[in-house]
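Structural description and commentary
Read off the chains here:
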Amino acid sequence: MDVRRRFPRRSVRPPSTLNAGEAPVQQQQQLKASDVLPLPLYLTNGIFFVLFFSVAYFLLHRWREKIRTSTPLHVVTLPEIAAIVSLVASVIYLLGFFGVDFVQSLVTRPPGHDDAWDGEDDLLREDSGPRACAAAIVSSPSTEEEEEIIKSVVAGSVPSHSLESKLGDCRRAAAIRREALERTTGRGLAGLPFDGFDYESILGQCCELPVGYVQIPVGIAGPLLLDGREYWVPMATTEGCLVASTNRGCKAIFASGGATSMVLKDAMTRAPVVRFPTAAMAAHLKLFVEDPTNFDTLALLFNRSSRYGRLKGIACAIAGKNLYMRFSCSTGDAMGMNMVSKGVQNVLDFLQTDFPHMDVVGISGNFCSDKKAAAVNWIEGRGKSVVCEATIGEEVVQKVLKTSVGALVELNVLKNLTGSAMAAALGGFNAHASNIVSAVYIATGQDPAQNVESSNCITMMEAVNGGKDLHISVTMPSIEVGTVGGGTQLASQSACLNLLGVKGASKESPGANSRVLATIVAGSVLAGELSLMSAIAAGQLLQSHMKYNRSTRGVSKLGS
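Residues numbered from 1 in each chain as written. Predicted model: local features only at pLDDT ≥ 70, side-chain atom pairs only at ≥ 80, totals over all residues. Heavy atoms only, no water.

Moving on, we come to the side chain of S201. Residue position: S201 is located in the loop between α6 (170-185) and β1 (218-226). Not counting residues up to four positions away in its chain, the partners in contact with S201 are Q489 and L490. (Helix = DSSP H or I, 4+ residues; strand = E, 2+ residues; numbered from the N terminus. Contact = heavy atoms within 4.5 Å.)

Have a look at this one:
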């Protein structure tokens, strides 16, 4: 069913729920498991929760007294028998409560029936947070019901963000939101795909208020021979020539025996900002935090937040009365921003006791620094710091790259080093590292905004072996990647990670998969730098882009 077409009254439910010749189903009252209870469900639940904890406490207290007085535990009094019976009853109720209603709903629900939205109170009720969708058990609503929901969203009486939890069907909620958006703006979304996407997979973690998804083509560059292994690198991009150029660089590296890489540092950072009444007080905290004798205590507090988060260091900077503390920690196979933030909060809570005048202004004070060009990341590193190198033979330079070693070395000095210095570049001593980083990030479910600091790169080229061969290297101090969490769990991105052999967390060595992914990013950048610089040195850049990066589609032809 095409949700983009408009009629005065129509159904926007998923096509899979529509049956040929399906007759309208009259709304009827459905019996629930809770209807047999003499009290409202929330009161019944409360009573059994109180009963469970009360009798459990009573029995534990009684058994402790028996142990102290050497009384056999099997000798029970009448109150103890009643308590045991009450405990068993409450356990049975609480365990059954979460399954009985669901099972009964599957057994007794008539085909095609769905709970109606009863009254305006349900329409106006706010959500407490994201809730898992139950698309498998949500049946087909009436056309009148959907029309009422759409009108309520357009009018603003039903918040658009609450549709998922109210309907219990993420796909249906997105379809209704899409229709409401079209009616509100008066503009169609015919070119924005809707079908073929798992909207439940993004609930509460990847995207809010979805109305569709954007298609980005994925190309493959490779094989990239890196550290003795071959990788086929997925790149999601709409820029012509990018994948082809990177692929040529991979070919040159492969023909020359491959590239090698090394992870120099692995530490995500978070830097809260705190304020004191005086600069002297801020200085005292700085000295306390940076004192090596206090590190073990702070690390113990920090490490409680996660099984994988381990504090590695704290660097401080003062600006008047304000103190910035840059925490660095390992985060396993996760990119780790949330992990390090939780650890930082534990330390701040502890410091508040010994430094009562400390005012925590923000958990992030931009000294981290996240998603911004910053010298601190270029110098100190953030995430994975990687260096990758390869030696390209003279014959490969001439036959594959169509240039010479001398031309590449000279261009690299004048363009990537001198030219970038003239532009006062910050971490931008390269030809186009961000091109490759962005494409790989989008394909593998990384945060595309972290391309800002992840693209920090200096490309070095040098003639070796008597000037015949080319040594090329890229040094990237702040590659921020993860193989778990965020967009990595989506089907398409998960498939790309699986192609690289780094899907999910490493069971043998926590953090190994994310480190390998960082080296693949650096190796891909090496290939991209090698090919683009060769195209510029050979005067082929414009010719290549005119061939692969131009389209006449949508361009009006001028009449003769």
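For the rest of this paragraph, the subject is the state of the cysteines. The tally for this structure, following the rule as stated, stands at zero disulfides. Its sulfur unpaired, C207 is 8.1 Å from the next cysteine sulfur, which belongs to C206. (Disulfide = S-S within 2.5 Å.)

This next bit is on the layout of surface pockets. Empty space within the second largest pocket amounts to approximately 1,300 Å³. For the lining of the second largest pocket, the elements supplying multiple residues, two or more each, are α10 (337-354), α14 (433-444) and α16 (491-500). The element contributing the most residues to the lining of the second largest pocket is α16, with four residues. In the lining of the second largest pocket, the residues fall into 23 nonpolar, 17 polar and four charged. (1 Å grid on protein atoms, 1.4 Å probe; cavity = no way out; pocket = protein on both sides within 12 Å on 5 of 7 lines; lining within 4 Å. Points joined across faces, edges and corners; volume = space filled by probe spheres on them. Nonpolar A, V, L, I, M, F, W, Y, C, P; charged D, E, K, R; others polar.)

A few words on the pattern of salt bridges. Applying the stated criterion across every chain yields a total of 16 salt bridges. Between R172 and E145 there is a salt bridge, with the nearest N and O atoms lying 3.7 Å from each other. Residue R172 is located in helix α6, and its partner E145 is located in helix α4 (residues 143-155); the two are separated by 27 residues in the primary sequence. Judged on exposure class, the residue R172 and its partner E145 are both buried. The closest approach of N and O atoms between R382 and D370, which form a salt bridge, is 3.0 Å. Linking R382 in the loop between α11 (375-380) and β8 (383-392) with D370 in the loop between β7 (359-362) and α11, this pair joins segments that are twelve residues apart in sequence. A single burial state applies to R382 and to D370, both of which are buried. One salt-bridge network, held together by shared partners, links D370, R382, E453 and E480. (Salt bridge = Lys/Arg side-chain N within 4 Å of Asp/Glu carboxyl O. Buried < 20%, exposed > 50% of the residue type's maximum accessible area, 1.4 Å probe, protein only.)

Here we come to the nonpolar core. Residues M235, I392 and I479 are the most contacted members of the largest nonpolar core, which totals 52 residues. A total of eleven residues in this core trace back to one element, the largest contributor, which is helix α17 (residues 512-537). By size, the runner-up hydrophobic cluster in this structure holds 25 residues, among which are M268, F276, A282 and M325. (Core = buried A, V, L, I, M, F, W, Y, C linked by side-chain atoms within 4.5 Å.)

We now examine the confidence of the model for the chain. Across the chain, the average pLDDT comes to 85, with 81% of residues at 70 or higher. For the stretch residues 13-33, pLDDT sits under 50, and the model shows 36 contacts to residues farther than four places along the chain or on other chains. (pLDDT = per-residue confidence, 0-100.)

Here we come to unusual backbone geometry. Cis geometry marks the peptide bond from G222 to P223; its omega dihedral reads 5 degrees. Considering the arrangement of structural elements, one finds P223 in strand β1. Omega for the peptide link from C368 to S369 comes to -5 degrees, which places this bond in the cis form. Secondary-structure assignment places S369 in the loop between β7 and α11. Of note in the backbone geometry, A424 takes a positive phi value of approximately 55 degrees without being a glycine. The exposed category is assigned to A424, whose relative accessible area is 65%.

A few words on α16. Turning to α16, its buried residues are Q493, S494, C496, L497 and L500. For α16, the angular spread of the buried residues around the axis is 160 degrees, confining them to a single face. Those residues of α16 that are exposed and aimed more than 90 degrees away from the buried face are A491, S492 and N498. The first or second residue beyond α16 is G501, which carries a positive phi of 80 degrees. (Arc of directions from axis to C-beta.)

Another aspect to go through is the packing of helix α7 (residues 242-255) against α17. Direction vectors running N to C along α7 and α17 enclose 100 degrees, while the axes themselves pass 7 Å from each other. Considering the angle they form, α7 stands roughly perpendicular to α17. On the side of α7, the interface is formed by S245, T246, R248, G249, C250, A252 and I253, while α17 contributes G523, S524, L526, A527, G528, L530, S531, L532, S534 and A535. Across the contact of α7 with α17, the residue classes break down as eight nonpolar, eight polar and one charged. (Axes fitted to C-alpha atoms, helices over the stretch in contact; angles between N-to-C directions. Parallel < 35°, antiparallel > 145°, perpendicular 65-115°, else oblique.)

Turning our attention to the environment of A83. Note on placement: A83 falls in helix α2 (residues 78-108). The sequence separation of A83 and L59 amounts to 24 residues, and the corresponding C-alpha distance is 7.1 Å. Contact partners of A83, with chain neighbours within four places excluded, come to V55, F58 and L59.

Bringing the pairing of strand β6 (residues 322-330) into the picture now. Counting buried residues in β6 gives seven out of nine residues, a clear majority hidden from the surface. Relative to β6, strand β3 (residues 260-270) is paired through three bridges, and the arrangement is antiparallel. Note that in β6 the partner of M268 across the bridge is C329. Where strand β4 (residues 273-275) and β6 come together, three bridges link them in antiparallel fashion. The residue bridging V274 from the neighbouring strand is L323, located in β6. Following strand β5 (residues 310-319), the chain reverses through two residues before pairing antiparallel with β6; G320 in that reversal takes a positive phi of roughly 65 degrees. (Pairing = 2+ DSSP bridges.)

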